[in-house]
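Coordinate inspection notes
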Amino acid sequence: MSQKKPFYITTPIYYPSDKLHIGHSYTTVACDALARFKRMQGREVLLLTGTDEHGQKIQDKAASKGVTPKEYVDEIVEGKGGVKDLWKLMNISYDRFIRTTDEYHVKACQRIFETLYNKGDIYKSVYKGHYCKPCETFWTESQLKEGCCPDCGGAVYEAEEEAYFFKTSKYADRLLALYEENPQFIQPESRKNEMISFIKQGLQDTCVSRTTVPWGIPVPFDPKHTMYVWVDALSNYITALGYENDAYNDYDTFWPADIHMVGKEILRFHTILWPAMLMAMEQPLPHRVFGHGWLLLDGGKMSKSKGNVVDPLILCQRYSVDAIRYFLLREIPFGNDGNFSNEALINRINSDLANDLGNLLSRTVAMVEKYFGGSLTNQYAGGAFDAELEEVLGAMPGRVTACMDDLLIPQALQEIFKSIQRANKYIDETAPWALAKDEANRERLAGVLYHLCESLRLAACMLTPFLPETAKKMAQQLGLAEEEITFEQLSFGARSQYTVHKGEALFPRIDAAKELEELVAAQAAMKQQAAPAPEAKPAETTGAPLEHLPEIAFDDFCKVEMRVAKVLGCETIPESKKLLKLTLFDGERERTIMSGIAKWYKPEDLIGRHVGIVANLAARPMLKGKYISEGMVMAADLPDGGASVMFFPQEVAPGSAIH
Ligand code: MSP
């Protein structure tokens with residue numbers, strides 16, 4: 001066992017606002033391959049993954065489904081077909097799974113926030129800026145792209161509120177020095193330059209609390225604020241090791257992280273905010289942050305909102321998990337964007353997995369059975385072509401390792417497949433079927449087949465971290481125990497005897513034309529299945545006469561002042577089961593409205609939402625004068641006697657008149 005520090009690698013923690021798609025699987029499969037590789041090298045490894053469960057978007061989704069945010073995320077994370085199921089299916093060998101709603105994480109984040117506040121690195125001020133809800137990111141005017149969020153291109157809205165700020169700007173120089181002194185800190189290199197110019201444009205302090213997003217971790221000393229989700233999310237990398245909590249106890253063993261693997265759009269959080277937070281906490285910094293590119297579909301990033309996601313479940317069921325792992329790891333140049341297409345996937349499976357690898361195994365095993373009854377002992381005779389194959393095999397493990405050290409995963413696979421292709425060529429060169437015709441060649445024939453078995457054994461060893469199930473199947477057919485496909489016996493000739501067992505084809509060849517048709521149909525059916533069910537049966541009118549009020553003049557209508565207001569707070573009250581007490585911002589001031597909707601709405605369904613109110617209704621005392629209601633929340637009657645509150649999108653500013 002190596003004496004090196006244990007290897008700590010993290011995936012981003014996934015946002016469980018929807019089911020994960022194949023793009024999400026990409027990061028995790030890459031981290032898994034790397035973690036397995038390091039383990040096989042004898043390193044102690046901790047692979048951390050998890051879910052990032054707070055924020056407005058989750059709160060909104062949960063409200064639209066009529067469940068609490070926790071119920072909503074529980075289903076997506078732990079439920080059937082959820083995040084944990086997907087990682088199990090895809091053979092992700094994570095060692096720890098953190099959920100940011102885990103009690104220990106919540107408490108630890110509060111301690112972190114408090115520490116930063118006590119040190120003066122977090123301070124209270126007023127936030128004025130533009131907020132993008134889907135990205136949960138604040139942007140300054142100059143960062144907006146044509147008035148919209150520079151990341152997702154969506155609408156932003158102006159926000160002004162009391163907030164806590166983290167002094168990111170204080171760390172600008174130290175961050176630049178960090179990049180300068182540690183050239184490997186941000187990878188790939190090209191992304192480093194983006195971060196440097198971002199800092200040089202002038203780093204702003206980061207707004208790290210909200211008063212309008214209740215589904216977040218409360219600021220311990222000012223609980224009407226919740227923490228900005230990124231502060232909560234980034235902290236996962238250390239809370240999951242026991243930093244500021246007792247749930248785990250291996251911070252000193254694993255921190256600092258060897259690699260944070262992240263998508264390019266979240267590199268900024270990991271290379272600016274996160275190291276600045278760690279500097280403020282006086283903690284060691286991670287060694288490397290790798291920002292990989294995206295898996296594109298139809299030239300754009302996959303996203304549920306664009307309706308262009310590919311379900312990993314369908315693909316894994318259809319082609320096997322290892323085929324999908326291989327495609328993800330081999331096809332996409334690591335660090336750059338890559339395209340997903342059904343054609344590219346089928347081509348990869350047919351050419352590399354079925355032809356090159358599958359055929360090499362099935363031909364070799366078949367010949368050992370046919371010519372030697374399945375058992376072969378090393379009768380290496382040093383014939384022509386042997387030296388060249390041996391040289392390729394001898395160099396392969398070292399080359400693969402060098403690629404993996406540089407996180408060049410597709411190149412690492414390419415090196416393994418080069419040796420597989422070389423072995424296939426060796427079959428053509430030595431023509432064992434011709435050798436078999438003459439008894440005098442028996443020893444030579446054994447030597448040839450032995451070379452092929454050794455090629456396959458070495459390939460199986462090196463493929464284990466990438467395609468664990470395939471490597472096991474190869475071992476079975478070669479008559480090797482699982483413990484024998486390790487990195488401990490990587491030299492040619494390390495095994496001298498083979499007893500092979502013919503098995504099923506590793507990757508049956510796919511009829512591409514037929515398959516493409518079926519696949520498109522299967523994906524369409526899945527999309528339809530996944531289409532959100534209508535929230536409720538559309539209401540029908542009975543045609544019965546409506547109860548009318550006396551007609552009024554237009555001028556009288558104009559006397560009613562209806563406006564949009566933002567719900568800042570909402571609470572149930574002990575004196576009444578019917579009423580909710582709402583605190584609203586009407587564009588000018590805060591006001592209280594008592595509304596009889598407690599049977600149909602929970603406070604968390606309303607907080608942060610924009611609603612319609614009658615603003616100039618005379619204030620009236622309620623519940624024996626204990627409460628004063630200053631207006632009315634507008635709602636429509638439902639057929640079952642319920643109420644449906646009139647909501648407005650976030651773009652509609654509080655105070656906007658309703659006509
Ligand atoms: N919750 C944040 C991460 C917080 S880490 C402290 C987040 N979550 S996410 O679910 O939206 O994305 C998780 C990861 O999946 C990101 O690294 C993102 O880049 C990656 N991907 C999402 N779609 C992707 C593709 N289409 N292609 C490749 N990676 C993709 O961001």
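This structure is a prediction, so every number in the text was calculated from the model and none was measured.

**Looking at helix 13 (residues 321–331)**
Counting buried residues along helix 13, 10 of its 11 residues qualify, which places the element largely inside the surrounding structure. Of all the residues in helix 13, the buried ones are Val-321, Asp-322, Ala-323, Ile-324, Arg-325, Tyr-326, Phe-327, Leu-328, Leu-329 and Arg-330.

**A short note on the side chain of Asp-232**
Residue position: Asp-232 is located in helix 8 (residues 229–234). Within the buried core, Asp-232 has no salt-bridge partner, and the shortest N-O distance to an opposite charge, that of Arg-99, equals 11 Å. Of note is the side chain of Asp-232, whose polar atom sits 2.8 Å from the side chain of His-105. Discounting chain neighbours no more than four positions away, the residues touching Asp-232 are His-54, Thr-100, His-105, Cys-109 and Ile-217.

**Here we look at the packing of helix 6 (residues 172–181) against helix 7 (residues 189–200)**
Closest axis-to-axis distance for the helix 6/helix 7 pair is 10 Å, and the angle between their directions is 160 degrees. Relative to helix 7, the element helix 6 lies roughly antiparallel. In this structure, helix 6 meets helix 7 at a crossing whose hand is left-handed. On helix 7, the residues touching Ala-172, Leu-175, Leu-176 and Tyr-179 of helix 6 are Lys-192, Met-195, Ile-196, Ile-199 and Lys-200.

**Focus on the site of the ligand**
Surrounding the ligand, one finds 26 residues, the nearest of these being Ile-13, Asp-52, Gly-263, Glu-265 and Leu-295. Taking Ile-13, its main chain carries an N or O atom lying 2.8 Å from a nitrogen atom of the ligand. A total of 660 Å² of accessible area belongs to the ligand in isolation, and the protein chains cover 93% of it. Partitioned by chemical class, the residues of the shell around the ligand number 14 nonpolar, nine polar and three charged.

**Overview of unusual backbone geometry**
Following Gln-187, the chain continues to Pro-188 via a peptide bond in cis, the omega torsion being -5 degrees. Relative to the helices and strands, Pro-188 resides in the loop between strand 7 (186–187) and helix 7. Looking along the chain, the bond that leaves Trp-255 and enters Pro-256 is cis, with omega of 5 degrees. On the secondary structure map, Pro-256 appears in the loop between helix 10 (251–254) and strand 11 (259–263). Even without glycine at this site, Glu-244 takes up a positive phi of about 60 degrees. Within the element layout of this structure, Glu-244 appears in the loop between helix 9 (236–239) and helix 10.

**A word on a nonpolar patch on the surface**
On the surface, a nonpolar cluster with roughly 340 Å² of combined accessible area is contributed by Ile-552, Phe-554 and Phe-557. By secondary structure assignment, the location of Ile-552 is in the loop between helix 20 (512–530) and helix 21 (554–557). Under the relative-accessibility criterion, Ile-552 is labelled exposed at 55%.

**Digging into the environment of Tyr-14**
With respect to the helices and strands, the residue Tyr-14 is situated in the loop between strand 1 (7–10) and helix 1 (22–40). According to the relative accessible area criterion, Tyr-14 is buried, its value standing at 5%. Here the alpha-carbon distance between Tyr-14 and Cys-570, two residues 556 residues apart in the chain, equals 30 Å.

**Some words on the packing of aromatic side chains**
Two aromatic rings are characterised by how far apart their centres lie and by the angle between their planes. Evaluated as defined, the whole model comprises 30 aromatic pairs. On the basis of an interplanar angle of 65 degrees and a centroid distance of 5.9 Å, the ring pair of Tyr-26 and Phe-334 is categorised as edge-to-face. On the criterion of sequence distance, the pair formed by Tyr-26 in helix 1 and Phe-334 in the loop between helix 13 and strand 15 (338–339) is long-range, its members being 308 residues apart. Geometrically, the ring pair formed by Phe-166 and Tyr-171 is stacked, given 6.1 Å between the ring centres and 5 degrees between the ring planes. Across the pair, exposure class does not vary: Phe-166 and Tyr-171 are buried alike. Connected via pairs of aromatic rings, a cluster forms that spans Tyr-8, Tyr-237, Tyr-243, Tyr-251, Phe-254, Trp-255 and Trp-274. Lying over the aromatic face of Trp-294, Lys-264 brings its terminal NZ or CZ to 4.5 Å of the ring centre.

**Quick notes on the confidence of the model for the protein chain**
The predicted model of the protein chain has a mean per-residue pLDDT of 90, with 95% of residues at 70 or higher. Ignoring residues within four places in sequence, the model shows residues 531–537, a span with pLDDT below 50, making one contact including any to other chains.

**Points about the sheet that holds strand 6 (residues 157–166)**
Strand order in the open sheet formed by four strands is 5-4-6-8, with antiparallel pairing between adjacent strands. On the outer flanks of this sheet lie strand 5 (137–139) and strand 8 (206–207), each paired with one strand and no other. Inspection of the sheet shows strand 4 (residues 122–132) paired to strand 5 by three bridges, in the antiparallel sense. The residue of strand 5 that forms the bridge with His-130 is Trp-139. Against the sheet, helix 11 (residues 267–280) engages strand 5, strand 6 and strand 8, with an angle of about 30 degrees to strand 6.

**What to know about the sheet that holds strand 7**
With respect to topology, six strands assemble into an open sheet ordered 3-2-1-11-12-7, the strand pairing being parallel. Strand pairing shows two members of the sheet lacking a second neighbour, strand 3 (96–99) and strand 7, which therefore form its edges. Of the strand pairs in this sheet, strand 1 and strand 2 (residues 45–51) are connected by four bridges, and their pairing is parallel. Counterpart to Phe-7 in the pairing with strand 2 is Val-45.

**Side note on the side chain of His-130**
Inspection of the secondary structure puts His-130 in strand 4. On the basis of relative accessibility, which here comes to 10%, the residue His-130 falls in the buried class. A polar atom in the side chain of His-130 sits 2.9 Å from the side chain of Glu-141.

**A word on the environment of Cys-31**
For Cys-31, the position within the fold is in helix 1. Residue Cys-31 is classed as buried on the basis of its relative accessible area, which comes to 0%. When sequence neighbours within four positions are dropped, the list of residues in contact with Cys-31 reads Ile-9, Thr-10, Thr-11, Leu-47 and Met-261.

**Quick word on the pairing of strand 1**
Alternating positions in strand 1 separate into two faces, Phe-7 and Ile-9 on one and Tyr-8 and Thr-10 on the other, with burial throughout. In this view, the connection linking strand 1 to its parallel neighbour strand 2 by way of helix 1 has right-handed handedness. As defined by bridge partners, strand 1 adjoins strand 11 across two bridges and the pair is classed as parallel. Each bridged residue has a counterpart across the sheet, and for Thr-10 the counterpart in strand 11 is His-260.

**Observations regarding helix 16 (residues 409–430)**
Over its 22 residues, helix 16 extends 32 Å from the first C-alpha to the last, a length consistent with the 32 Å expected when each residue adds 1.5 Å. Positioned one or two residues after helix 16, Ala-431 has a phi angle of 45 degrees, which is positive.

**Quick notes on the environment of Glu-571**
Mapped onto the fold, Glu-571 is located in strand 18 (residues 562–573). Considering only alpha carbons, one finds Glu-571 and Ala-598, 27 residues apart in sequence, at a separation of 9.3 Å. The residues touching Glu-571, leaving out its near neighbours within four places in the chain, are Leu-580, Lys-581 and Pro-603.

**Remarks on the pattern of salt bridges**
In total, this model carries 44 salt bridges according to the counting rule given. Among the salt bridges present, the one from Lys-38 reaches Asp-405, with a minimum N-O distance of 3.7 Å. Residue Lys-38 is located in helix 1, and its partner Asp-405 is located in helix 15 (residues 386–405); the two are separated by 367 residues in the primary sequence. Linking Arg-457 and Glu-454 is a salt bridge whose minimum nitrogen-to-oxygen distance equals 2.8 Å. Taken together, the residues span about one helical turn, with Arg-457 and Glu-454 both in helix 18 (residues 442–463) at a distance of three residues. Across the pair, Glu-454 and Arg-457 agree in class, each one buried.

Conventions and cut-offs
Residues numbered from 1 in each chain as written. Predicted model: local features only at pLDDT ≥ 70, side-chain atom pairs only at ≥ 80, totals over all residues. Heavy atoms only, no water. Buried < 20%, exposed > 50% of the residue type's maximum accessible area, 1.4 Å probe, protein only. Helix = DSSP H or I, 4+ residues; strand = E, 2+ residues; numbered from the N terminus. Lys, Arg positive; Asp, Glu negative; His and termini not counted. Salt bridge = Lys/Arg side-chain N within 4 Å of Asp/Glu carboxyl O. Polar contact = N/O pair within 3.5 Å; in protein donor to acceptor, adjacent residues only side chain to side chain. Contact = heavy atoms within 4.5 Å. Axes fitted to C-alpha atoms, helices over the stretch in contact; angles between N-to-C directions. Parallel < 35°, antiparallel > 145°, perpendicular 65-115°, else oblique. Left-handed = near helix turned anticlockwise from the far one by under 90°. Near = heavy atom within 4 Å. Areas by Shrake-Rupley, 256 points an atom, 1.4 Å probe, with all protein chains shown as cover. Nonpolar A, V, L, I, M, F, W, Y, C, P; charged D, E, K, R; others polar. Patch = residues over 30% accessible without salt bridge, like charges linked within 9 Å, V, L, I, M, F, W, Y side chains within 5 Å. Phe/Tyr/Trp six-rings, centres within 6.5 Å; stacked < 30°, edge-to-face > 60°. Lys NZ or Arg CZ within 6 Å of the ring centre and 35° of its normal. pLDDT = per-residue confidence, 0-100. Pairing = 2+ DSSP bridges. Right-handed = clockwise from strand over helix to strand, strands pointing away. Expected span 1.5 Å × (residues − 1).

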